[in-house]
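Summary of structural features
Now for the letters of each chain:
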Amino acid sequence: MFQSTVYTSTKEKDYELLIKQLDALTDGEKDDVAILSNASALLNQFLQEVNWVGFYIWKEDELVLGPFQGLPACIRIASGKGVCGTSVKERTTQRIADVHQFPGHIACDAASQSEIVVPIIIHDKVFGVLDIDSPIKNRFDETDQIYLEKFVDVLVKHLG
């Protein structure tokens, strides 16, 4: 069964190991909730200095809370609202160094200081977003963005 891994190499090599673990963990699984549940747990175990890791799923023209690790969160988010809704509307990753400077930021957890949101697009349709919050300002850098986008690419291969 899956065991906790200690990541001790370079940031890039650790992310590559994480992505391989995700691919192996989800191989052959067809249930989206099961896949996203394990993906959020895997990220939560891997990432340091984060306070929320999870997914919002696009349903009936809004984002609806999906599997996550962290405190209770907002249940529904409209397109264009907050960091998650902006990511969906623009279909781009949003890497926010200071969420208090982001117009319209939705504060589900007052401890959150920075955030990264990666859109999940399957067959040119929005499936949802990967959302990660940190209690540290400027927590996410370009390396995080590159590898979290690769993480989502592996998810897309297994979802839907």
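Anything mentioned here points back to the structure above.
The following refers to the structure shown. (Residues numbered from 1 in each chain as written. Predicted model: local features only at pLDDT ≥ 70, side-chain atom pairs only at ≥ 80, totals over all residues. Heavy atoms only, no water.)

Each strand in a sheet pairs with another by means of backbone hydrogen bonds, the pair being arranged parallel or else antiparallel. Read from one edge to the other, the open sheet built from six strands follows the order E3-E2-E1-E6-E5-E4, with strand pairing classed as antiparallel. Across the chains shown, the open sheet's two edge strands, defined by having one partner strand only, are strand E3 (76–78) and strand E4 (94–96). Each neighbouring strand pair of the sheet contributes to a mean axis angle of 20°, computed without reference to strand direction. Both strand E2 (residues 62–70) and E3 contribute to a ladder of three bridges, which runs antiparallel. Looking across to E3, one finds that Glu 62 is bridged to Ala 78. Helix H3 (residues 82–90) contacts strand E1 (52–59), E2, E3, E4, strand E5 (114–122) and strand E6 (125–134) of the sheet and is inclined by roughly 35° relative to E5. Contacting E1, E4, E5 and E6, helix H4 (residues 142–158) crosses the sheet at an angle of about 30° to E5. (Pairing = 2+ DSSP bridges. Helix = DSSP H or I, 4+ residues; strand = E, 2+ residues; numbered from the N terminus. Axes fitted to C-alpha atoms, helices over the stretch in contact; angles between N-to-C directions. Contact = heavy atoms within 4.5 Å.)

Below, the discussion takes up the environment of Asn 38. Note on placement: Asn 38 falls in helix H2 (residues 32–46). For Asn 38, a relative accessible area of 36% puts it in the partly exposed group. Each C-alpha atom of the pair Asn 38 and Val 156 lies 14 Å from the other, and the pair is 118 residues apart in sequence. (Buried < 20%, exposed > 50% of the residue type's maximum accessible area, 1.4 Å probe, protein only.)

Two descriptors summarise a pair of aromatic rings, namely the distance from one centre to the other and the angle between the planes of the rings. Enumeration over the complete set of coordinates arrives at four aromatic pairs. Between Trp 52 and Tyr 56, the ring centres sit 5.9 Å apart and the planes meet at 25°, which makes this aromatic pair stacked. Judged by its relative accessible area of 4%, Trp 52 is buried. Tyr 56 gets classed as buried once you look at its relative accessible area, which sits at 1%. Between the aromatic rings of Trp 52 and Phe 68, the centroid separation amounts to 5.2 Å while the plane-to-plane angle is 15°, which identifies the pairing as stacked. Of the two residues, Trp 52 sits in strand E1 while Phe 68 sits in strand E2, which places them 16 residues apart along the sequence. Connected via pairs of aromatic rings, a cluster forms that spans Tyr 15, Phe 46 and Tyr 147. Over the ring of Tyr 147 we find Lys 150, and its NZ or CZ is 4.7 Å from the ring centre. (Phe/Tyr/Trp six-rings, centres within 6.5 Å; stacked < 30°, edge-to-face > 60°. Lys NZ or Arg CZ within 6 Å of the ring centre and 35° of its normal.)

What is shown is where atoms sit, not what they do.
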